[in-house]
Amino acid sequence: MSDTATSPLRLRTAINPKPLGIALLLIVLGAWYLALTVGATQSALYVVGALLGITLYHAAFGFTSAWRVFIADGRGDGLRAQMLMLAVGVALFFPALSAGTLFGTPVSGLVSPAGTSVIFGAFIFGIGMQLGGGCASGTLYTVGGGSTRMLITLAAFIVGSVIGTAHMPFWTSLPQLKPISLVTSLGLMPALALNWIVFALIAGITVFVEKRRHGKLVATPLRPAQSSPWLHGPWPLVAGAVALVVLNFATLALSGKPWGVTSAFALWGAKAASVVGIDTASWAYWSTKANAAALAAPLTQDKTSVMDIGIVLGAMLAAALAGRYAPVWRIPRRSIVAAVVGGLLLGYGARLAYGCNIGAYFSGIISGSLHGWLWLVCAFVGNVVGTRLRPWFGLEVEKVKPSGC
């Protein structure tokens, strides 16, 4: 569901042995090295990241094109898969977060303030999704899948993230609510019921819009049968949705926090800026205890960085298994411009909004955070604007012909 030249919808020709071997070797060696130098938990999180990359690639599970095809053509299967993912997610997460422990490990959700910075940050993040060609998770798995354009988006994403950390004191000074957890405020069962009702309502709206536009629910195009679709792909969207929830839950059990992505991009950029002489350590954002510790420590100790690298390698492995690892180095100039602009908006917006489509939307909502719902509304509006802007940069807006009746 991410618009790249290496989309899993392309036909599989054969396994790509070289990238397959490289990805598998790096996953195994990385897990072994982390187990020796950091600990078994960090090693397990790295493997969970790789499994996330395989799932994202084989299910083509992104957020960008799912929102775009609904905005442009009224097709809602991707959005319905997201609502299923969230419905299963709250069923798993809310009881654990309400109890405060999971398998004996203290756990807490990603609950952040809802206010001006989230409104603006999520809105420009939504625009960036459509111009950059992917969300946070989508950028990682398509880079792993061999998309050279998304390397440009990722680089700009990192730059935008660092700029966002420099400006955070201004944005956090603007009006905002204190962090609100629906689980704590409403109680476990009322919070579950409310969320399930809203998920069902959103799914129902997509069904209504799709039938009104096309006369019926548009069937997913038939894909060529594979000898082993679970090994080589493609997976059904529903399977991808459930797998992502289970892996996010595993992340919670291992680390005490749900899955996030973009804090690592800010960290990578801040470390790189320090190397070239920019004193990022003196910035207010990097002066807090947790961020200062992360900036001073090796990347191998950062949970999010380890998982992000795992996602890239897992997607590379999946693409190689599917025979689709074939980077294309000729990229149209307007597409490069869109990737740079989109990446900057993604990075800057993610910092302002306390997360991305994963940390704020997926993990935020299943954490019971009010800011996750605010993020969803504002990012969707941004996607509407971004979808309208795509043709200016020579980017496709997918549509199918109405089916009549």
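Preceding this section is the structure that the text describes.
Right, let's walk through the structure included here. What you see is a predicted model; the values in this text were computed from it and never measured.

**Some words on the overall build of the chain**
On a plain count of helices and strands, the chain comes out with 17 helices and two strands. Against the globule reference of 22 Å for 405 residues, the chain gives a C-alpha radius of gyration of 20 Å, in line with a compact fold. Overall, the chain is about 60 × 50 × 45 Å in size when its C-alpha atoms are taken along their principal axes. Relative to its full complement of 405 residues, the chain shows a buried share of 55%. Long-range pairs, those at least 24 residues apart, make up 83% of the contacts in the chain between residues at least 6 apart in sequence. Of note, the chain has its 26 positive side-chain charges centred 3 Å away from the centre of its 9 negative side-chain charges.

**Some details on the packing of aromatic side chains**
Tallying each qualifying case throughout the model produces 18 aromatic pairs. Ring plane angle 10° and centroid distance 5.0 Å describe the contact between Phe120 and Trp171, whose orientation is recorded as stacked. You can see Phe120 sitting in helix α5 (residues 116-132) and its partner Trp171 sitting in helix α7 (residues 148-172), a full 51 residues away along the chain. The exposure class assigned to Phe120 is partly exposed, which follows from its relative accessible area of 35%. Residue Trp171 is classed as buried on the basis of its relative accessible area, which comes to 13%. Here a set of aromatic residues connected by ring pairs shows up, and it is made of Phe61, Phe63, Trp67, Phe70, Phe125, Phe157, Phe265, Trp268, Tyr361, Trp375 and Phe380.

**Things to note about the nonpolar core**
Grouped together as the largest cluster of nonpolar side chains are 91 residues, with contacts concentrated most on Phe61, Trp67, Trp259, Tyr361, Phe362 and Trp375. Leave out the neighbours within four places in its chain, and Trp375 touches Trp67, Val118, Ala122, Phe125, Ala353, Gly355, Cys356, Asn357, Ala360 and Tyr361. Listed in part, the 11 residues of the second largest apolar core include Ile124, Leu267, Tyr348 and Leu352.

**What about helix α9 (residues 188-214)?**
Between its first and last C-alpha atoms α9 spans 39 Å; for 27 residues at 1.5 Å apiece the expected length is 39 Å, and the two agree. Every buried residue of α9 is listed here: Ala191, Leu192, Asn195, Phe199, Ala203, Thr206, Glu210 and His214. Where α9 is buried, its residues touch α3 (64-73), α4 (77-99), α8 (182-186), α16 (357-366) and α17 (370-389).

**A closer look at the environment of Ala23**
Along the chain, Ala23 falls in helix α1 (residues 17-37). Not counting residues up to four positions away in its chain, the partners in contact with Ala23 are Leu313, Met316 and Leu317.

**What about α4?**
In this model, α4 (23 residues) spans 34 Å end to end at C-alpha, consistent with the 33 Å of a helix rising 1.5 Å per residue. Roughly 30° is the biggest bend found in α4, and it falls at Val90. Two residues or fewer past α4, Gly100 is found with a positive phi of approximately 85°.

The rules we used
- Residues numbered from 1 in each chain as written.
- Predicted model: local features only at pLDDT ≥ 70, side-chain atom pairs only at ≥ 80, totals over all residues.
- Heavy atoms only, no water.
- Helix = DSSP H or I, 4+ residues; strand = E, 2+ residues; numbered from the N terminus.
- Rg over C-alpha atoms; globule rule 2.2 N^0.38 Å.
- Buried < 20%, exposed > 50% of the residue type's maximum accessible area, 1.4 Å probe, protein only.
- Contact = heavy atoms within 4.5 Å.
- Lys, Arg positive; Asp, Glu negative; His and termini not counted.
- Charge placed at Lys NZ, Arg CZ, Asp CG, Glu CD.
- Phe/Tyr/Trp six-rings, centres within 6.5 Å; stacked < 30°, edge-to-face > 60°.
- Core = buried A, V, L, I, M, F, W, Y, C linked by side-chain atoms within 4.5 Å.
- Expected span 1.5 Å × (residues − 1).
- Bend = angle between axes of the 7 residues up to and from the residue.

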